[in-house]
Amino acid sequence: MIDQLARAATSLEGQFCLPRGGGHKSDRFGYYGYCPPARPLREERRFASVDLIGIEKSALASVSRLLRRGFEMTFLNRRTLLAGGGLLLGAACTRRFATPDQAGTLPIPRLLDARDHGQRIGLRAQEGETTFFPGRRSATMGYNGSYLGPTLRVHRGDDVTVTVSNNLSADTTVHWHGLLVPGELDGSPHQTISPGETWRPTLPIRQPAATLFYHSHAHGQTAEQVYAGLAGLLFVTDEEEQGLGLPSDYGIDDLPILIQDRQFVDGRLVLPAGMMVALDGRRGNVILVNGAYNPRADVPRSLVRLRLVNGSNARTYDLSFSDGRAFYWIGTEGGLLEKSVELQSLPLASGQRAEILVDFSDGRPVSLVSAPDQSTLRMHGMSMMHRHEASENNAGNETVLTFSPRLASSKRGSTTLPLLLASRAVPDPATVVARRRLVLNMRLGGMMDSDEEPLTINHRRFDMDRIDEEVELGAVEIWKVSGQKMAHPFHIHGVHFDVLSRDGEEPDLLDQGPRDTIVVDEPVELLIRFDQPASKAPFLFHCHILEHEDEGMMGQFSVT
């Protein structure tokens, strides 16, 4: 189907724009929509209701390749963000994002510790502009600033009230990804914040230390709002973690590392759309860390703690260091491991987090790099990325972040690795009361055939008014989850779980620890205890490729 459309596009190159076709289900994904103007497109230059990307005249021959990817892109500006259904900004940082006179410095988001603010934290969702590249401003969203949000730190045992104000002209939410709270506090689409309104949940913090992630979860608009900048980090700390002597000087030897890929044209952020975006998720040509391209972090010559968060819409990173040095994996989405694990590479899918310790005592500069993205859609056993873009995008590793060990060791700087980390109780499989089976379905025929949905779970598209599973509070269950056509990062709200098996075998080394997001392709068995109630509002489970989630690969469950 894709090759046939590409051949048709080749015959039309240089003749006229292709509007969205009439009446086909593919219109919903914007499959058509290419107009190659001779100069960059401005917002008012559109064909019917189609958002178009400016393509130089000399690049007309590439239209067929672009159409194979199913791309449609729009320069993000205030009007497109409003039309897209949401606006928020912000990342109040201790240092500004990269500018001509500050290029290359890793921005460190401002730290808001709840205890320093009387257990009250304020977040304002807003719109703004960010200069990612010199002289090129892009419309963005964030919390308390123009892109991303501050880092929030809460303490186990406390009750924290967060005031979230929606200064947008569209609905939004704030989901506390990985925080174990009742369903009505979760920040899902069931806790929508209307424009001009305020949401004030009081969050009971009752879980071990962990690196969490907060972001928009607006119904049908999660992907676009997160892509535009509505995300930030959330740290939980406790006495057990503090007693381990881990690096903890925020911004010095304890670094927040929020990794995102974004698409830029002529230095400006653009919003990819189209059928292949719906299938494969939005993937970019630039990697950002804390909102900056190819930044440098000055670090002490000691052990440094990196809190890695994959904030991309779809991409999976395979992270390692450019000199091949080993590092120590110490934490997953749900908290610290029992023991550190020595690694030389670590994959991180959308929504996943990992904490690692890196020894910079040798003083040598080194880069964190990622191998080419292998997590794309498969057709006929072959990745679509490999089929059409291997030569231009998969040539080698990409630099994520460069480290320059030049600072004196911090007051707690150390090169000694703790032998033991955190103890935890794992549910006993003998107490399992129910088993459930979930399949993340992809039906490519659904793009053209109105009788079938392309992105579902158990062949059901998400419905806000339908409860898909009913769970008893305190119960222990096994969920067997698998994917189709590609590897899917699967996320469950309101729980942490353990991986029991993968494809009928023992779990992989990297499956260990308390998780809330795990990659599924082959069947994976998850051991889950449901300790948080969801009677006033359900919890969600979904693919964390955000475009899949928005298009219906999501379900919900009650816990009573």
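Residues numbered from 1 in each chain as written. Predicted model: local features only at pLDDT ≥ 70, side-chain atom pairs only at ≥ 80, totals over all residues. Heavy atoms only, no water.

S.K.: How should I be thinking about the overall build of the chain in this particular structure?
M.R.: Within the chain one finds 8 helices and 36 strands. If you take every contact in the chain between residues at least 6 apart in sequence, the share linking residues at least 24 apart comes to 77%. Carbon and sulfur atoms provide 46% of the accessible area of the chain, an area that totals close to 21100 Å². (Helix = DSSP H or I, 4+ residues; strand = E, 2+ residues; numbered from the N terminus. Contact = heavy atoms within 4.5 Å. Areas by Shrake-Rupley, 256 points an atom, 1.4 Å probe, with all protein chains shown as cover.)

S.K.: Before we go on, may I ask you to explain unusual backbone geometry in this structure?
M.R.: Most peptide bonds take the trans form, and the phi angle of most residues other than glycine is negative. Look at His459: it is not a glycine, yet its phi comes out positive at around 65°. Here His459 falls in the exposed class, since its relative accessible area comes to 54%. One non-glycine residue, Lys485, adopts positive backbone phi at about 75°. (Buried < 20%, exposed > 50% of the residue type's maximum accessible area, 1.4 Å probe, protein only.)

S.K.: How should I be thinking about the sheet that holds strand β26 (residues 398-407) in this particular structure?
M.R.: Adjacent strands of a sheet form backbone hydrogen bonds with each other and so pair up, either parallel or antiparallel. Spatially, 5 strands are ordered β16-β26-β23-β18-β21 in an open sheet, and the strand pairing comes out mixed. In this open sheet, the two edge strands, each paired with only one partner strand, are β16 (296-300) and β21 (345-348). If you compare each strand with its neighbour and ignore which way they point, the axes differ by 25° on average. Note that strand β18 (residues 317-321) and strand β23 (residues 366-370) share 3 bridges and pair antiparallel. Counterpart to Phe321 in the pairing with β23 is Leu368. (Pairing = 2+ DSSP bridges. Axes fitted to C-alpha atoms, helices over the stretch in contact; angles between N-to-C directions.)

S.K.: Looking at this model, I keep getting lost on the nonpolar core. Mind explaining?
M.R.: As a rule of thumb, nonpolar side chains are buried together in soluble globular proteins. By size, the foremost hydrophobic cluster in this structure holds 48 residues, and its most contacted members are Leu255, Ile257, Leu306, Phe321, Ile356, Leu401 and Phe403. Residue contributions to this core peak at 5 residues, all from strand β12 (residues 254-265). Other than its neighbours up to four places away in sequence, Leu401 contacts Leu106, Ile257, Val289, Pro295, Arg296, Ala297, Val366, Ser367 and Leu368. Judged by nonpolar contacts, the second largest core, of 34 residues, contains Val524, Leu526, Ile528 and Ala534. (Core = buried A, V, L, I, M, F, W, Y, C linked by side-chain atoms within 4.5 Å.)

S.K.: Please clarify how the sheet that holds strand β27 (residues 434-442) should be interpreted in this entry.
M.R.: Strand order in the open sheet formed by 5 strands is β28-β27-β30-β34-β32, and the pairing between neighbours is mixed. The open sheet has two free edges, formed respectively by β28 (455-457) and β32 (497-502), since each of these has just one partner strand. Each strand axis lies, on average, 20° off the axis of its neighbour in the sheet, ignoring direction. For strand β30 (residues 476-483) and strand β34 (residues 524-529), the ladder comprises 6 bridges, and the chain directions are antiparallel. Within β34, the residue paired with Lys480 across the bridge is Glu525.

S.K.: Looking at this structure, how should I read the pattern of salt bridges?
M.R.: A side chain of one charge can pair with a side chain of the opposite charge when the charged atoms of the two come close. The full count for this structure, using the stated rule, is 37 salt bridges. For Asp266, the salt bridge is made with Arg136, and the minimal N-O distance between the two is 3.6 Å. Pair noted here: Asp266 is in the loop between β12 and β13 (268-273) and Arg136 is in strand β4 (residues 136-143), with a separation of 130 residues, a long-range link. Of the charged contacts, one joins Arg502 and Asp511 as a salt bridge, the two residues approaching to 2.9 Å between their closest N and O atoms. Connected through shared salt-bridge partners, Glu241, Asp254, Arg305, Arg307 and Glu355 make up one network. (Salt bridge = Lys/Arg side-chain N within 4 Å of Asp/Glu carboxyl O.)

S.K.: Sorry if this is basic, but what is going on with the side chain of Asn144 here?
M.R.: Structurally, the position occupied by Asn144 is in the loop between β4 and β5 (151-155). Here Gly122 takes part through its backbone oxygen, which lies 3.1 Å from a polar atom of the side chain of Asn144. At 2.7 Å, the side chain of Asn144 forms a polar contact with the backbone nitrogen of Arg124. (Polar contact = N/O pair within 3.5 Å; in protein donor to acceptor, adjacent residues only side chain to side chain.)

S.K.: Just checking my understanding: could you explain the pairing of strand β17 (residues 303-310) for this structure?
M.R.: Working note: regular strand, side chains alternate between the two faces of the sheet. Of all the 8 residues making up β17, 8 are buried; the element is thus mostly covered by neighbouring parts of the structure. The alternating pattern of β17 places Leu303, Arg305, Arg307 and Val309 on one face and Val304, Leu306, Leu308 and Asn310 on the opposite face, and all of these are buried. Two strands pair when backbone bridges link them, and β12 and β17 are joined in this way by 6 bridges, in the parallel orientation. Considered in β17, the bridge of Ile257 is made with Leu308. For β17 and strand β22 (residues 353-359), the ladder comprises 7 bridges, and the chain directions are antiparallel. Bridged to Leu308 within β22 is Ala354.

Remember that the coordinates give geometry; whether it matters functionally is a separate question.
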